[in-house]
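Working through the structure, step by step
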Amino acid sequence: MKIIGRVESEAITDVRCDVCNESTRLENGNLQYETLEAHWGYGSAHDGKRYEAHLCERCFFNTLAYLKQARRTLHLFDGDPRSPEGDLGLVTRNDLFRDGG
Ligand SMILES: [Zn+2]
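The text that follows walks through the structure, step by step, so that each part is easy to find. (Residues numbered from 1 in each chain as written. Predicted model: local features only at pLDDT ≥ 70, side-chain atom pairs only at ≥ 80, totals over all residues. Heavy atoms only, no water.)

1. Observations concerning the overall build of the chain
A tally of regular secondary structure across the chain gives 1 helix and 2 strands. Its helices and strands in sequence order give the chain the pattern β-β-α, from N to C terminus. Against the 2.2 N^0.38 benchmark of 13 Å for 101 residues, the chain shows a C-alpha radius of gyration of 20 Å, more extended than a compact globule. When the backbone C-alpha atoms are referred to their principal axes, the chain occupies close to 70 × 35 × 30 Å. Residues classed as buried in the chain amount to 12% of the 101 residues present. Separation between the mean location of the 13 positive side-chain charges and that of the 17 negative ones in the chain comes to 1 Å. (Helix = DSSP H or I, 4+ residues; strand = E, 2+ residues; numbered from the N terminus. Rg over C-alpha atoms; globule rule 2.2 N^0.38 Å. Buried < 20%, exposed > 50% of the residue type's maximum accessible area, 1.4 Å probe, protein only. Lys, Arg positive; Asp, Glu negative; His and termini not counted. Charge placed at Lys NZ, Arg CZ, Asp CG, Glu CD.)

2. Looking at unusual backbone geometry
Unusually for a residue other than glycine, Asn21 sits at a positive phi of about 65°. Relative to the helices and strands, Asn21 is located in the segment before strand E1 (34-39). Residue classification places Asn21 among the partly exposed positions, given a relative accessible area of 46%. The backbone of Asn94 shows a phi angle near 60°, a positive value even though the residue is not glycine. Within the secondary structure, Asn94 sits in the segment after helix H1 (57-74).

Structure, rendered in structure tokens:
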């Protein structure tokens, strides 16, 4: 026998960007954000610290641009074969359903 009744539960209603504090909810209602995360382990300078930052699309790509600039600067004179304009961190394209493409 099923007994149906109202229950109260908590759910994520919004995710705000940790940089610009804007909502990551699009007009279609979908939340679009990415997570920059790290969990530093034994032997690291930050042993035991765990980070999780939620970024909107604009701040994510601003962060990526910063990292590309840092790579470009660090390898300015050593002939690093990686293109400074390359897709740093890009794993796949056309993975529209998050199933590996
Ligand atoms: Zn943002």
